[in-house]
Amino acid sequence: MSAIFGLIPLALSTDRVWWMPSNGALHGLAIDHLMWWNLAILSALFVLAHILLIATAFRSSPAPSHSDDQREEESRQSANSRNRSNISATIWKSELILLFALTLLYTWMAISAQRLWATIRYQGAAPQALQVEVTGEQFQWYFRYPGTDAAFGLTRPELINAPAGNPLGIDRTDPHSTDDIVSSILVLPAGREVDLNLRSIDVIHGFFIPGMRLKQNAVPGMPMHVHFTPSIPGDYAILCSQVCGLGHARMQTHLRVVSNDEYLTWLASHAPKPIEGATR
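### A closer look at the overall build of the protein chain
Counting secondary structure elements, the protein chain contains four helices and ten strands. Starting at the N terminus, the α and β elements of the protein chain follow one another as α-α-α-β-β-β-β-β-β-β-β-β-β-α. Looking at the 280 residues of the protein chain, the share that counts as buried comes to 33%. Taking all contacts inside the protein chain whose residues are at least 6 apart in sequence as the whole, residues at least 24 apart take part in 69%.

Structure follows, in C-alpha cells:
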C-alpha cells in the first residue's frame, strides 16, 4: 500500500500519464490529478482486500488439546476468546476510521469534479474568447470561424451542398457570412480561451479531444457550448465518441494548436474570396 500511495507525488509532478495521451489544456492537469487519486485509492483497496482474503484462507485453526487438566484448558480458551474480541474491536475501529477517511476523500473528489465540469460547461466563457462553431454531420466535423467581423453569418438548410463547397448551408448574401471560414480541421492559438458552439445536422455525435481532456455531445436542435484554453502547441486527435452510423469509425480529424502569429497567418490564407454581386 505504501508503494502505491508513493506513486501519487510522482503522478502529480508530471503532465503525462502512461494510459492517456499528453495533456495540452489548462484544465487537463486537474482532471489527471483526480484520476490518479481515484486509481491510487482503488488499487490500495484492491491490494488490501486480497491480503485479507489470503490471510483468512491460510489462517490455521488452533490444534486440539489433549491435556488432562480441564481447568487449564478452559482458562486458555477464555484467554483466546478475549484476545479475539480485542482484535475484532481493533479491526472494527480501524475499518470505521478508514471508511470515514475514504468518505471525506471521495466527497472532496466529487466536489472538485463537479466544479471542473461546471467551469467548462456551465460558466460562460470570457468576452475575449475565440468563437468557433463546431458542426457534426455523418461522417465529418466542420469548424466555422466568424472572420474579421467577429460575427457568424446566417445558415439555411436548403443551401447545404457539400459537393459544391457549402456543407453548412452558409448564406453568402448575408454581410456577416462573407468572411466566415469553414475548415475540416480545428486550428487554435495556444494560450487563448476558445468557446466552442457545438451543433449537429443529423444525429447525435460525440465531440471528443482526448489530448484536451474534452468531451461533449453535439445534439440536433440543441446548441451546446463548451470552453477551454489550449496551452501546448501540437496536433491532437478529434474523435466521435457516439456510435453515429456505419461510418462512425471514419469520423476523425485533428486539432492543431499553434502560436498566435501562425494562427493569424492560417486565417488569412483561408479567408474566402469576395463573391461578385453579394449584398453589402
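### Structural notes on the pattern of salt bridges
For the coordinates displayed, the defined rule picks out five salt bridges. Here R144 makes a salt bridge to E133, at a shortest N to O gap of 3.0 Å. Of this pair, R144 sits in strand β2 (residues 140-145) while E133 sits in strand β1 (residues 130-137), and the two are eleven residues apart along the sequence. By relative accessible area, which is 2% here, R144 ends up buried. Between R199 and E133 there is a salt bridge, with its nearest N and O atoms 3.9 Å apart. Of this pair, R199 sits in strand β5 (residues 194-200) while E133 sits in strand β1, and the two are 66 residues apart along the sequence. For R199, a relative accessible area of 22% gives the class partly exposed. Note on E133: relative accessible area 7%, which makes it buried. Overlapping salt bridges bring together E133, R144, D180 and R199 as one network.

### Focus: the packing of aromatic side chains
This model, assessed by the stated rule, comprises five aromatic pairs. With centroids separated by 5.2 Å and ring planes inclined at 80 degrees, the aromatic side chains of W141 and F207 adopt a geometry described as edge-to-face. Of the two residues, W141 sits in strand β2 while F207 sits in strand β6 (residues 205-209), which places them 66 residues apart along the sequence. For the residue pair W141 and F207, the accessibility class agrees, reading buried in each case. Measuring from centroid to centroid gives 6.3 Å for Y145 and Y263, while their planes differ by 50 degrees, and the two rings are tilted. Of this pair, Y145 sits in strand β2 while Y263 sits in helix α4 (residues 260-270), placing them 118 residues apart in sequence.

### Quick notes on the pairing of strand β4 (residues 186-189)
Burial along β4 is two-sided: the face carrying L186 and L188 and the face carrying V187 and P189 are both buried. Note that β4 and strand β10 (residues 253-258) share four bridges and pair parallel. In the sheet register, V187 faces β10, and the bridge partner there is R256.

### Some thoughts on the nonpolar core
Where a protein is soluble and globular, its nonpolar side chains tend to be buried together. Formed by 33 residues in total, the largest nonpolar core has its most connected members in L196 and F207. Setting aside chain neighbours within four positions, we find F207 in contact with V134, W141, F143, L186, L196, L198, L214, K215, Q216, I238 and L239. With six residues, the next largest nonpolar core counts I31, L34, L102 and L116 among its residues.

### Some points on the sheet that holds strand β9 (residues 234-240)
Read from one edge to the other, the open sheet built from five strands follows the order β4-β10-β9-β6-β7, with strand pairing classed as mixed. Only two strands of the sheet have a single neighbouring strand rather than two, namely β4 and β7 (214-218). Between one strand and the next, the sheet's axes are offset by a mean angle of 20 degrees, whatever the strand orientation. Strand direction decides the pairing type here: β6 and β9, joined by two bridges, are antiparallel. By the bridge assignment, F207 is partnered in β9 with C240. Running at roughly 140 degrees to β4, α4 makes contact with β4 and β10 of the sheet.

Calculation rules
- Residues numbered from 1 in each chain as written.
- Predicted model: local features only at pLDDT ≥ 70, side-chain atom pairs only at ≥ 80, totals over all residues.
- Heavy atoms only, no water.
- Helix = DSSP H or I, 4+ residues; strand = E, 2+ residues; numbered from the N terminus.
- Buried < 20%, exposed > 50% of the residue type's maximum accessible area, 1.4 Å probe, protein only.
- Contact = heavy atoms within 4.5 Å.
- Salt bridge = Lys/Arg side-chain N within 4 Å of Asp/Glu carboxyl O.
- Phe/Tyr/Trp six-rings, centres within 6.5 Å; stacked < 30°, edge-to-face > 60°.
- Pairing = 2+ DSSP bridges.
- Core = buried A, V, L, I, M, F, W, Y, C linked by side-chain atoms within 4.5 Å.
- Axes fitted to C-alpha atoms, helices over the stretch in contact; angles between N-to-C directions.

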